[in-house]
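Residues per chain are reported as follows:
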Amino acid sequence: MKEGEKEDRVEYDLESAIGLALRYGVVLSSALIAVGLVLSSFKVGSFAGFPPTLEGVISTGYGKPVYSMGTLGAQLGKFEPLSIIEAGVLVLLAIPFFRVAVGGIMFVAEKNWKYVAISALVLAVLLVGTFIVGPIEAR
Amino acid sequence: MVATETFLLLMLVASVGAGWLGSMVGIGGGLLVVPILTLGFGVPVQYAIGASMVSVIGTSSGAASAFIKDRMSNFKIGTFLNAATTSGAVIGAVLTIFLVGSGLSWVIYLVFGTVLIVSSFDLYRKVRKERQLSSADINTTPNRLSTALELRGEYFDPSLNQAVPYEAERVAGGFLVMLMAGLLAGLLGLGSGTLKVIGMDIVMRLPFKVSTTTSNFMIGVTAAASAGIFFLKGYVDLVIVGPVAIGVVMGSFVGSRLVRRSKPMYLRVLFVIVLVVAGVEMLQKGVISI
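Residues numbered from 1 in each chain as written. Chains lettered and ligands numbered in written order. Predicted model: local features only at pLDDT ≥ 70, side-chain atom pairs only at ≥ 80, totals over all residues. Heavy atoms only, no water.

Draft legend 1. Representation of the pattern of salt bridges. All names here are of chain B. Summed over the entire model, instances satisfying the criterion amount to three salt bridges over all chains. Where Lys76 meets Glu150, a salt bridge forms, and the shortest distance between an N and an O atom there is 2.9 Å. Note that Lys76 is positioned in helix H4 (residues 75-101) and Glu150 in the loop between helix H6 (144-148) and strand S1 (152-157), a separation of 74 residues in sequence. Close ionic contact of Glu169 with Arg205 constitutes a salt bridge, the shortest N to O distance being 2.8 Å. With Glu169 in the loop between strand S2 (162-167) and helix H7 (171-188) and Arg205 in the loop between helix H8 (193-203) and helix H9 (208-233), this pair connects stretches of sequence that are 36 residues apart. (Salt bridge = Lys/Arg side-chain N within 4 Å of Asp/Glu carboxyl O. Helix = DSSP H or I, 4+ residues; strand = E, 2+ residues; numbered from the N terminus.)

Okay, here's the thing in structure tokens:
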């Protein structure tokens, strides 16, 4: 019985940790997006404001993310509003990956190898989707 | 066409409303975000789906962090079924990209309209379920797959004032429904929580509360499987996704805090009407653009 309680405890702590990480991840991402949006109404540095109409935003592909981490970093350094929003979106996109990975670690701690394998499978689908199917579809 | 600043402001308010209403009645905000963007602002459907998909990750992750504390959701069942939903979501995203690329966006509108109308029926089912809550229809008999995969658990039901053990039934069928749920999620930019709950509640005969909380936990992971693909494809427009993502998250945060106290019957009726109207409009838009 003692053993079971102890395992329960580990599980509970890890679950609480996941819960906290999820919440702070979402808060961080929302905060970044909000800062980006607020900054967009001030014309900071070289930023001249969004295109005046929504149609213009869409037809010019203005809101397209930059797909290079280097470019994103450089733009972030200049407090470009779009790059701050993109950083927020990337944080949000990363949360589920993180969560599945931590879930897998939780099962490692429990020595539940069956569920370590299943977690790894889910993570693999996420990774294959994003880093193999995604680039193929984007061509 | 609408000015960008007006769009940002209106869409933020609308997203807060969608997230709030959605979490009050137990349906994701994504169901309303896509119709608002496409019907309300004339945004091409792929950008609406991209924005919605990203916001779904936010609401699910936010909600899940609250539900984990309740210890209602079943982590193993969620993880196992996520293998199906993520695979389905990747296929769904590929299908969306194919349909948009081949000028067949009307198919997406038709499927979306149908989903909205079916979801409105499901809301009634939920109301009924909550009224006649009994442990009689919960499965407790082990079977080969549920035993092998440890798909069982126990939860404390406050209304019955006792711990209720449960065990998953018809695991293969549930897995198939989850594959479909994932496909639909990826295709339409939704969490497709409704179909997930049906898979667990009706097919696998898990307790309703376990089904809804586990579904919430699964939605974010499902969404991530297609969101990354949409992001790389360029369907996630940062100007459009901005107000949607923070709006829906804020709205659902407020809603999930309120929902514990009240059982808003009139809101459900309101939501059913909104779903039917939006569903009919989406069908119409689909038919027009055939």
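Draft legend 2. Just the interface of chain B and chain A, in detail. The interface is formed by 59 residues belonging to chain B together with 56 residues belonging to chain A. Buried surface at the junction of chain B and chain A, summed over both partners, amounts to about 5,000 Å²; 73% is from carbon and sulfur atoms. When the buried area of chain B at its contact with chain A is split by residue, B:Phe75, B:Phe231 and B:Leu238 rank highest and sum to 14% of it. For the pair chain B and chain A, the interface holds zero salt bridges. (Contact = heavy atoms within 4.5 Å. Buried area = accessible area lost by both parts, 1.4 Å probe.)

Draft legend 3. Seen up close, a nonpolar patch on the surface. Taken together, the side chains of A:Leu127, A:Val128, A:Phe131, A:Ile132 and A:Ile136 present a nonpolar region at the surface, about 470 Å² in accessible area. Structurally, A:Ile132 is set in helix H5 (residues 113-138). (Patch = residues over 30% accessible without salt bridge, like charges linked within 9 Å, V, L, I, M, F, W, Y side chains within 5 Å. Areas by Shrake-Rupley, 256 points an atom, 1.4 Å probe, with all protein chains shown as cover.)

Draft legend 4. Molecular detail of unusual backbone geometry. All names here are of chain A. Positive phi outside glycine occurs at Lys111, with the angle close to 55°. The residue Lys111 is located in the loop between helix H4 (81-109) and H5 in this model. On the basis of relative accessible area, Lys111 is assigned to the exposed category, the value being 60%. (Buried < 20%, exposed > 50% of the residue type's maximum accessible area, 1.4 Å probe, protein only.)

Draft legend 5. Summary view of the side chain of B:Lys196. Residues and elements named next belong to chain B. In this fold, Lys196 is placed in helix H8. Judged by its relative accessible area of 0%, Lys196 falls in the buried class. A distance of 3.5 Å separates polar atoms of two side chains, one belonging to Lys196 and the other to Thr222. Excluding residues that lie within four positions of it along the chain, Lys196 makes contacts with Thr85, Met178, Ala181, Gly191, Ser215, Met218, Ile219 and Thr222. (Polar contact = N/O pair within 3.5 Å; in protein donor to acceptor, adjacent residues only side chain to side chain.)

Draft legend 6. Representation of the pairing of S1(B). All names here are of chain B. In terms of strand pairing, S1 meets S2 through six bridges, oriented antiparallel. The residue of S2 that forms the bridge with Glu154 is Pro165. Between S1 and the antiparallel strand that follows it, S2, lie four residues; Asn161 among them carries a positive phi value of about 55°. (Pairing = 2+ DSSP bridges.)

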